[in-house]
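# Architecture and fold: a report
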Amino acid sequence: MAQFTFTNNTYAGEALAGFMASTLLEADSVKRGLLTVINDVKARKVILDVDDDVVLQDPSGIFHDQGTTALQNESYLDPVVYEFMKQEQWDKLIQSWEAQSLKPGAFLDYEGVVDLSDFMVQRYLTKIQIANERLYWLGKGSTKEASFTAAFPGLLPSIAAASGVYKVGLGKPATSMSATSIDATGLVTVSDTSTLADGDVVTITAVTGTSKDTTNGTPGIAIQGQSYFIQIASATSFKLVRNYNEVNSRLAATFAGTSTAATISYINVSNVLSVLGGVYAQLDPADRIQDDFNLQVPLHVGYAFAQAQANKALNVINAFTDMKKMDYLGIPLQIMNHWQANTILGARSSNLFLGVDLLGDASELSTVYMKPYTNDNVVRMKARMKAAVNFKFANEIFYLSA
């Protein structure tokens, strides 16, 4: 049988930088190069925007300035410090290691010494990466893992609120419908469900009523602005099955209260090609020809696009078995795993910024076994991080949402 030990560590230098890079910089969108990373952001960092016009003048032997004034705007990276802290019983940590590392069979027992401090750090690494990914894009308000008090609006809410961003809604007949009721079980009544299908994701806005999502307990949150996977119940109704933000927990949606009206918006197989066509037509040509320009879409929109490609591929062998290419008329479609539903963002990675401070005084990672100090048979892990996000040129961003 394995012999278990636990090393008390206060990580520093390269070890600390490596862990901070793993948690802050290995979030999915960072690894794919969708954000420009700026390190050593210890306090507010100014991102200066400078723009000016060009005036073509008559030839002259004497220099005449064109007389325009360069426009300067500032945006900021305001870093926020937040922590992850976890305490576990020693015997439960051993059981977790055994369940994950040992295969069934008496001859497969692990022989040797196992340091559970590294195991404890690694088991939470992926979850911290996902939490940071959600925090960067959705902000604190839509990241249930975030309970700190400092403001962290996130990129998508900041873009949605900014003036100058080219914004498009989903209020057209092909992408929205009116609901006449939402009952306390999450059953939504509409005029026709023929353009919807099981597994579609809908976003609910313009709610009249008291409906609340109680998936994570009472009193719950207002369903205004929330998105849900659905199941078709009849020709005129569908059931809200799971909140899109619970895609990892897989908790079934529960509700309290009722509503008498709402707007239901969606991107699915029935409309995804026309939605992407409309987006493509409205993109600024000067932006979309850049090498680092991407269209970012949530996972369900990527699935709908793949299904639509297969449906359109008449008389094509393996239309429903081959992997579908994720681009639209040459523009890469980046599938975002932990994102806002029914949203499409068009932006250059050089216009979206993530500020971190990998080796600053605020960065910390430590693990400690408490029994020698307090006689408590528990282990503790603490990780402190610092991050900030923002964009530079609002008028170079395309944003579609419900």
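Residues numbered from 1 in each chain as written. Predicted model: local features only at pLDDT ≥ 70, side-chain atom pairs only at ≥ 80, totals over all residues. Heavy atoms only, no water.

### Notes on the overall build of the protein
Put simply, the test is: Secondary structure is summarised from DSSP: a helix means a run of H or I of at least four residues, a strand means a run of E of at least two, and numbering begins at the N terminus for each. Burial status follows relative accessibility: with a 1.4 Å probe on protein chains alone, a residue under 20% of its type maximum counts as buried, one over 50% as exposed, and anything between as partly exposed. The contact criterion used throughout is that any non-hydrogen atoms of two residues lie within 4.5 Å. Residue burial considers only the protein chains on display, and all accessible areas are found by Shrake-Rupley using a 1.4 Å probe. Neither His nor the chain ends contribute to the count of charged residues, in which Lys and Arg are positive and Asp and Glu negative. The atoms used to mark charge sites are NZ of Lys, CZ of Arg, CG of Asp and CD of Glu.
A count of helical and extended segments in the protein gives nine helices and 25 strands. Dimensions of the protein along its principal axes, counting C-alpha atoms only, are 80 × 75 × 50 Å. Expressed as a percentage of the 402 residues in the protein, the buried residues total 43%. If you take every contact in the protein between residues at least 6 apart in sequence, the share linking residues at least 24 apart comes to 76%. Total accessible area on the protein stands at roughly 20,400 Å², and carbon and sulfur atoms take up 53% of it. Seen as two clouds, the 30 positive and the 39 negative side-chain charges of the protein have centres 6 Å apart.

### Points about helix α8 (residues 299-312)
Spelled out, the test is: What a helix is expected to span follows from its residue count: subtract one and scale by 1.5 Å.
Helix length check: α8 (14 residues) gives 20 Å between terminal C-alpha atoms against 20 Å at 1.5 Å per residue, within 8%. Buried within α8 are the following residues: H300, V301, G302, A304, F305, A308 and A310. The secondary structure elements touched by the buried residues of α8 are β11 (201-209), α6 (272-282), β18 (293-298), β19 (327-328) and β20 (331-336).

### What to know about the packing of α6 against α8
Our working rule: All axes are obtained by fitting lines to C-alpha atoms, using only the stretch in contact for helices, and the reported angles, taken between N-to-C directions, cover 0 to 180 degrees. Roughly parallel here means an angle under 35 degrees, roughly antiparallel means over 145, roughly perpendicular means 65 to 115, and every remaining angle is called oblique. Under the convention adopted here, Pro, Cys and the residues Ala, Val, Leu, Ile, Met, Phe, Trp and Tyr are nonpolar, Asp, Glu, Lys and Arg are charged, and Gly plus all remaining residues are polar.
The contact between α6 and α8 brings their axes to 9 Å, and the two run at 110 degrees. With respect to α8, the axis of α6 lies roughly perpendicular. Every residue of α8 that contacts α6 at V272, L273 and L276 is listed here: V301, A304, F305, A308 and K312. Here the residues of the contact of α6 with α8 are counted per class, giving seven nonpolar, no polar and one charged.

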